[in-house]
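Residues per chain, in single letters:
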Amino acid sequence: MSSLTIEAVGAAADAVERHLGALVEERFASRLFDQDPTLWGPEAEEEAAKRLAWTGLPRTSRPLIGEVEALAEQLRERGVSRIVLCGMGGSSLAPEVICATAGVPLVVLDSSDPDMVRGVLAEELDKTAVVVSSKSGSTLETDSQRRAFVHAFEQAGIDPTERIVIVTDPGSPLDEQSRADGYRVVNADPDVGGRYSALTAFGLVPSGLAGVDVAALLDEAEEVADLLADDDLGNPGLRLGAALAGTEPLRDKLLFTDAGSGIVGLADWAEQLIAESTGKQGRGVLPVVTPVDRLPAEGLTDPDDCTTVVLAAEDQYDTAPGQFSTADTSEDEISDSGNDAADSAENLGTDEVDLSNGIPEPTATGSLVSVAGPLGAQLLLWEVATAVAGRILEINPFDQPDVESAKQAARDIMSGEGGGSDEAAATDGAVEIRSTLDPSPQDLSGALTALLDQLDAENGYLAVMVYLDRFAHADLIEIQDQLIDRTGRPVTFGWGPRFLHSTGQYHKGGPAQGVFLQVTGEPREDLEVPGKDFTFGEFIAAQAAGDAAVLADHDRPVLRLHLTDQDAGLAQLREAVGG
């Protein structure tokens with residue numbers, strides 16, 4: 001039997017007490033599961049009317065189980081043992097966490113970096129099947145990846161229609177063309193947005209083909225669906241949403257940390273769901289995925305705008321399903337105990353910080369919420385909580401206006417209509433420097449210092465956005481730790497272009513608190529996009545430049561570092577960050 005446990009302390013508990021009664025009185029939960037589009041006001045009603053079918057997915061997705069099982073068997077008979085997913089944003093992050101948690105291999109290709117694309121193409125192509133996921137069918141990254149795989153299969157003498165599965169909305173251009181060309185197509189529910197699509201075909205098809213028991217995942221979600229739809233003070237979705245978005249003043253940084261949840265990558269999936277849903281109209285809450293083996297508020301000099309979110313083990317609490325409890329402790333006491341915990345943590349090496357043995361002491365944030373439950377139940381829980389947060393913040397949690405602006409800027413650059421000069425202001429060794437700062441810095445160390453000097457010591461955050469091969473350079477995330485220590489502020493780390501479909505919305509549409517460090521690199525070898533007049537290298541360069549331009553248009557400070565030689569440039573960057 002699936003269960004959900006929510007615990008809150010301090011400002012998070014106060015937020016629940018402040019908002020819960022009204023949410024229950026207005027029947028928010030039951031109206032949400034009845035797919036009432038009026039819950040977020042008249043401006044959101046049109047969009048919400050076609051985005052709420054996710055509430056019924058634990059039941060309506062059941063027909064996919066047999067279809068996926070039959071398709072998996074067919075692929076096995078063709079010698080397939082490797083599944084690659086081409087998708088972006090919610091279409092890729094949900095299957096990534098589902099498969100990683102189940103211990104099932106899935107290669108997620110959510111990049112237009114030519115080195116990363118080439119590396120995925122080169123590995124065991126004869127044993128590979130590809131799932132191409134695109135809601136509209138017009139996502140340029142996914143279309144480019146599809147073209148690359150079709151070409152590679154044909155060059156290897158393999159019929160691509162026997163190895164490529166299309167997941168898309170019914171009636172989309174991709175749906176119609178793929179069926180006409182003889183590809184296997186699985187339609188997703190058109191009334192579900194991408195980031196809420198974990199339990200649709202977008203989440204279940206690649207996961208099921210890779211070997212996950214998707215029926216069990218749906219069972220976990222269905223077992224808590226009635227609980228989440230109940231207009232009751234014990235509803236964990238209402239309580240979690242209130243804890244995340246209802247603090248006063250708003251604590252708009254959510255410091256995610258895993259304390260033995262057993263769910264691999266849940267924070268990364270929740271990051272895109274919450275950031276893209278709430279970061280608009282100058283409001284929102286920003287998930288910050290805490291580095292591994294680091295206490296949530298460790299190194300932050302002023303965490304008063306933060307809430308710690310702990311992803312706990314299911315057996316951490318001896319509570320009834322859906323129970324939510326608050327510690328009988330004043331916020332002053334919480335803050336004091338949190339400072340003691342943070343002081344103790346400063347004396348530990350990172351190898352000695354072990355979050356897997358239980359919930360950390362309430363941190364110096366004075367605000368903590370802990371969540372436990374199986375993956376299927378949590379996927380539905382966080383979607384409900386995000387919808388609740390949108391209600392409290394008075395924004396539409398289903399649109400993403402600034403994601404499209406970055407896409408358009410990239411298209412304009414590729415067509416030559418972007419305008420403006422993209423020449424480097426300075427070059428330092430293997431690093432070209434471009435900056436919105438005035439005067440523009442002339443060396444790498446000075447440029448980084450100048451950017452960090454723009455960071456608000458009380459409310460700011462730093463976003464690191466890296467447009468490189470995330471497989472080859474996975475260890476670069478280590479600079480997040482160093483930058484937290486250097487700035488004393490929350491630091492997010494995102495791989496481009498995948499973050500453009502998630503936190504990219506918050507960066508431009510949320511509060512104007514961020515400063516932005518963008519890292520791009522000259523590919524080791526470029527790669528043509530078959531049937532197009534551009535390369536993957538040109539495409540990712542346009543995506544990075546377009547996003548930087550939109551950030552600058554929103555008056556966000558941006559430092560762009562382009563590595564003319566990736567190895568030498570990364571060595572310089574690491575040294576500058578450490579300095």
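Before reading further, recall that the structure is shown in the block above.
Now for a description of the structure that goes with this document. Computed from a predicted structure; not experimentally measured.

Considering the overall build of the chain
In terms of regular secondary structure, the chain is built from 21 helices and 17 strands. Its C-alpha atoms give the chain a radius of gyration of 23 Å, within 12% of the compact-globule value 25 Å for 579 residues. Dimensions of the chain, computed from the C-alpha atoms along their principal axes, are close to 65 × 60 × 50 Å. Counting every position in the chain, which comprises 579 residues, the buried fraction comes to 60%.

Some details on the sheet that holds strand β3 (residues 107-109)
What the 5 strands build is an open sheet, ordered β3-β2-β4-β5-β6; its pairing is parallel. The strands lining the two open edges of the sheet, one partner per strand, are β3 and β6 (184-187). In this sheet, adjacent strand axes meet at a mean angle of 20° when their direction is disregarded. Where strand β2 (residues 82-86) meets strand β4 (residues 128-133), 5 bridges bridge the pair, whose relative direction is parallel. In the strand pairing of β4, C86 is matched with V132. Those strands touched by helix α6 (residues 90-102) are β2, β3 and β4, and its axis lies near 150° from that of β2.

What to know about the side chain of R163
Relative to the assigned elements, R163 resides in the loop between α8 (140-155) and β5 (164-168). Of the buried charged residues, R163 lacks a salt bridge, with E162 as the closest side chain of opposite charge at 5.8 Å. Engagement of the side chain of R163 in a polar contact is seen with the backbone oxygen of L125, the distance being 3.4 Å. The residues contacting R163, other than those within four sequence positions of it, are R78, V80, L125, D126, K127, T128, A129, V130, F153 and I158.

A look at helix α5 (residues 63-77)
Taking 1.5 Å as the rise per residue, α5 with 15 residues should run 21 Å; its terminal C-alpha atoms sit 22 Å apart, in good agreement. Those residues of α5 hidden inside the fold are in contact with β4, β5, β6, α10 (201-210) and α11 (214-228). Two residues or fewer past α5, G79 is found with a positive phi of approximately 85°.

Concerning empty space enclosed by the protein
This model, assessed by the stated rule, comprises 3 cavities of 30 Å³ or more. Empty space within the largest cavity amounts to approximately 70 Å³. Mapped by element, the contributors of at least two residues to the lining of the largest cavity are β8 (286-289) and α18 (478-487). Class assignment of the residues belonging to the lining of the largest cavity gives a composition of 9 nonpolar, 2 polar and 2 charged. Its boundaries defined by the atoms lining it, the second largest cavity holds a volume of some 40 Å³. Of all the elements, α8 adds the most residues to the lining of the second largest cavity, at 3 residues. Residues belonging to the lining of the second largest cavity are distributed by class as follows: 2 nonpolar, 3 polar and 2 charged.

Structural notes on the pattern of salt bridges
By the definition in use, this model includes 32 salt bridges. Across the pair R147 and D143 runs a salt bridge whose closest N-O atoms are separated by 2.9 Å. Note that R147 and D143 are positioned in helix α8 at a spacing of 4 residues, about one turn of the helix. Relative accessible area serves as the criterion here: at 23%, R147 is assigned to the partly exposed category.

A look at the nonpolar core
Judged by nonpolar contacts, the single largest core of 99 residues is most densely connected at L32, W40, W54, L209, W269 and W382. With 13 residues, helix α15 (residues 375-393) is the largest single contributor of residues to this core. Listed in part, the 50 residues of the second largest apolar core include V288, A463, L551 and L563.

Considering a negative patch on the surface
A surface patch of like charges, here negative, comprises E522, D526, E528, D533 and E538. Its place among the elements puts E528 in the loop between β16 (514-521) and α20 (536-553). For E528, a relative accessible area of 53% corresponds to the exposed category.

Remarks on the sheet that holds strand β13 (residues 431-435)
Strand order in the open sheet made by the 6 strands is β12-β13-β17-β16-β14-β15, with mixed pairing throughout. The sheet is open, and its two borders are formed by β12 (426-428) and β15 (491-495), each paired with just one other strand. When the angles between neighbouring strand axes are averaged without regard to direction, this sheet yields 20°. Contacting β14 (461-467), β16 and β17 (558-563), α20 runs over the sheet at an angle of about 160° to β14.

Examining helix α12 (residues 236-245)
α12 sits mainly inside the fold: 10 of its 10 residues count as buried. Within the span of α12, buried status applies to P236, G237, L238, R239, L240, G241, A242, A243, L244 and A245. The residue sitting at the N-terminus of α12 and contributing the capping side-chain oxygen is N235; that oxygen lies 2.8 Å from the backbone nitrogen of G237.

Things to note about the pairing of β8
Judged from the 4 bridges that link them, strand β7 (residues 253-259) and β8 form a sheet pairing that is parallel. Across the sheet, residue L255 finds its bridge partner in β8, namely V288. Handedness of the β-α-β unit built from β7, helix α13 (residues 266-278) and β8 comes out right-handed.

Some remarks on the pairing of β5
Taken across its 5 residues, β5 has 5 buried, putting it largely inside the fold. What you see with β5 is no split at all: I164, I166 and T168 on one side and V165 and V167 on the other are buried throughout. As paired strands, β4 and β5 are joined by 4 bridges and run parallel to one another. Residue pairing in the sheet places V132 in a bridge with I166 of β5. Taking the sense of rotation as the criterion, the β-α-β connection linking β4, α8 and β5 turns out right-handed.

About the thresholds
- Residues numbered from 1 in each chain as written.
- Predicted model: local features only at pLDDT ≥ 70, side-chain atom pairs only at ≥ 80, totals over all residues.
- Heavy atoms only, no water.
- Helix = DSSP H or I, 4+ residues; strand = E, 2+ residues; numbered from the N terminus.
- Rg over C-alpha atoms; globule rule 2.2 N^0.38 Å.
- Buried < 20%, exposed > 50% of the residue type's maximum accessible area, 1.4 Å probe, protein only.
- Pairing = 2+ DSSP bridges.
- Axes fitted to C-alpha atoms, helices over the stretch in contact; angles between N-to-C directions.
- Contact = heavy atoms within 4.5 Å.
- Lys, Arg positive; Asp, Glu negative; His and termini not counted.
- Salt bridge = Lys/Arg side-chain N within 4 Å of Asp/Glu carboxyl O.
- Polar contact = N/O pair within 3.5 Å; in protein donor to acceptor, adjacent residues only side chain to side chain.
- Expected span 1.5 Å × (residues − 1).
- 1 Å grid on protein atoms, 1.4 Å probe; cavity = no way out; pocket = protein on both sides within 12 Å on 5 of 7 lines; lining within 4 Å.
- Points joined across faces, edges and corners; volume = space filled by probe spheres on them.
- Nonpolar A, V, L, I, M, F, W, Y, C, P; charged D, E, K, R; others polar.
- Core = buried A, V, L, I, M, F, W, Y, C linked by side-chain atoms within 4.5 Å.
- Patch = residues over 30% accessible without salt bridge, like charges linked within 9 Å, V, L, I, M, F, W, Y side chains within 5 Å.
- Areas by Shrake-Rupley, 256 points an atom, 1.4 Å probe, with all protein chains shown as cover.
- Charge placed at Lys NZ, Arg CZ, Asp CG, Glu CD.
- Right-handed = clockwise from strand over helix to strand, strands pointing away.

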